[in-house]
Amino acid sequence: MMPMAPATSPYQLGNNSVRRIMFMVLAGLLPGIAAYAWVFGAIILVQLAIASVFALAGEALMLKARGKPLGLFLGDGSALVTAWLVVLAFPPLAPWWLTAVGALFAIVIAKQLYGGLGQNPFNPAMIAFAACIVAFPALMSTWPPVDLKAGFGVQLQAVLGLLPRVDAMNGATPLDALKTALKLNEGNASVPSLLANAEVFGHFAGRGWEWVTAGYLLGGLWLWWRGIIRWQAPAAFLIGLIAISGGLWLWQPDAYASPLFHVFSGGSLLCAFFIVTDPVSGCTTPRGQLIFGFAAGILAYLIRVFGGYPDGVAFAVLLLNICAPLIDRYSQPAIFGLKGAK
């Protein structure tokens with residue numbers, strides 16, 4: 001009898017199916033969503049439902065057209081992750097049709113037309129945000145104030161288009177408010193005085209937004225602890241953002257906000273743990289993830305402070321998505337046994 005051949009690697013198999021990973025990411029978003037609902041109201045749950053329905057419907061139609069099995073791909077949770085990220089990037093009182101357009105654009109255009117999960121070169125949620133803020137800049141730039149005294153019924157009517165666009169229900173994000181105030185005062189007002197006197201700002205960032213971003217931080221750290229994401233991309237993104245914002249803040253504290261303000265404002269922590277960690281549109285090598293995250297943090301700051309948009313996270317990520325294959329190419333470790341291997 002021939003001796004039994006020894007088992008070959010891998011010797012340990014993990015339960016890392018696409019479905020499990022996607023639903024873990026959805027679970028990681030829950031602390032931020034809970035804080036979002038507490039600060040802005042339960043209307044965010046309606047927006048999540050709208051986006052989820054349209055994302056799944058768009059995915060089903062595209063899978064049907066491509067002759068793919070519906071059950072296998074609809075149940076992997078990837079469409080839901082994209083839908084939820086779209087909602088968290090959009091204003092909570094955006095019209096229902098804008099949320100639907102964003103979800104459909106992310107799934108149909110940015111994902112399925114490229115071949116589906118694993119084939120898309122760009123982050124679908126960021127593509128949807130970029131397309132909608134260019135096409136509908138007014139709707140994508142109006143956010144409700146934290147102290148808005150409007151019940152769930154009034155907010156629901158606003159989302160469904162049953163109420164006129166009331167100025168009291170429209171506002172700006174802390175990033176946009178600070179940028180606009182500095183521009184209007186033309187250097188006659190300092191950042192510390194603006195942060196201390198405006199209602200939209202809290203202890204160190206946006207009032208209420210500090211809790212939302214803290215929820216993203218909590219969920220992101222939990223994903224890292226469970227091994228769903230690596231540390232390289234989130235850490236590098238935050239280091240890049242802190243490095244450039246900290247340098248300018250130390251140079252001119254009256255003209256530039258502190259790193260703490262920029263980390264806990266806008267989509268910084270959502271991007272750090274849930275966007276730049278995308279394994280499809282981001283980098284795959286450890287060194288590549290460090291480069292990708294660091295460059296995204298630098299670009300996000302430059303766009304939000306010196307560019308034409310209040311938050312540059314989406315455009316920074318999309319620009320780095322273009323560079324991801326090149327970064328991976330030149331950050332691959334040497335192959336053992338070949339010349340130059342260590």
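Calculation rules
Residues numbered from 1 in each chain as written. Predicted model: local features only at pLDDT ≥ 70, side-chain atom pairs only at ≥ 80, totals over all residues. Heavy atoms only, no water. Phe/Tyr/Trp six-rings, centres within 6.5 Å; stacked < 30°, edge-to-face > 60°. Helix = DSSP H or I, 4+ residues; strand = E, 2+ residues; numbered from the N terminus. Buried < 20%, exposed > 50% of the residue type's maximum accessible area, 1.4 Å probe, protein only. pLDDT = per-residue confidence, 0-100. Contact = heavy atoms within 4.5 Å. Core = buried A, V, L, I, M, F, W, Y, C linked by side-chain atoms within 4.5 Å. Patch = residues over 30% accessible without salt bridge, like charges linked within 9 Å, V, L, I, M, F, W, Y side chains within 5 Å. Areas by Shrake-Rupley, 256 points an atom, 1.4 Å probe, with all protein chains shown as cover. Salt bridge = Lys/Arg side-chain N within 4 Å of Asp/Glu carboxyl O.

### Focus on the packing of aromatic side chains
Here comes step 1: Following the criterion strictly, the structure yields eleven aromatic pairs and no others.
Here comes step 2: Aromatic pair Phe40 and Trp209: ring centres 5.0 Å apart, planes at 55 degrees, arrangement tilted. Of this pair, Phe40 sits in helix α1 (residues 18-40) while Trp209 sits in helix α11 (residues 209-225); the two residues are 169 residues apart in sequence, bridging distant segments of the chain. We note that Phe40, like Trp209, is buried.
Here comes step 3: Look at Phe54 and Trp96: their rings are 6.3 Å apart centre to centre, the planes differ by 35 degrees, and that puts the pair in the tilted class. Highlighted residues: Phe54 in helix α2 (residues 43-66) and Trp96 in helix α5 (residues 96-109), separated in sequence by 42 residues.
Here comes step 4: Among the residues examined, Trp96 registers a relative accessible area of 35% and is labelled partly exposed.
Here comes step 5: Following the ring pairs from residue to residue traces out a cluster consisting of Tyr36, Phe40, Trp143 and Trp209.

### With respect to the confidence of the model for the protein
Here comes step 1: Confidence in the prediction of the protein, expressed as mean pLDDT, is 87, and 88% of residues score 70 or more.
Here comes step 2: Contacts for the low-pLDDT stretch residues 1-6, under 50 throughout, to residues beyond four places or in other chains number zero contacts.

### Some thoughts on the nonpolar core
Here comes step 1: Membership of the largest hydrophobic core comes to 90 residues, with the highest contact counts inside it found for Tyr36, Met126, Phe237 and Phe274.
Here comes step 2: The dominant element in this core, judged by the number of residues it contributes, is α1, at eleven residues.
Here comes step 3: Those residues in contact with Phe274 that lie beyond four places of it in its chain are Val25, Gly28, Leu29, Leu85, Tyr216, Gly219, Gly220, Leu223 and Leu269.

### What to know about a nonpolar patch on the surface
Here comes step 1: Taken together, the side chains of Trp96, Trp97, Val101, Leu160 and Leu162 make up a nonpolar region of the molecular surface, amounting to roughly 450 Å² of accessible area.
Here comes step 2: Examined against the element boundaries, Trp97 turns out to sit in helix α5.

### Some details on the side chain of Thr99
Here comes step 1: Structurally, Thr99 is set in helix α5.
Here comes step 2: Overall, the relative accessible area of 2% leaves Thr99 in the buried class.
Here comes step 3: If near-sequence neighbours (up to four positions away) are discounted, Thr99 is found in contact with Gln47, Ile50, Ala51, Val87, Phe90 and Ala94.

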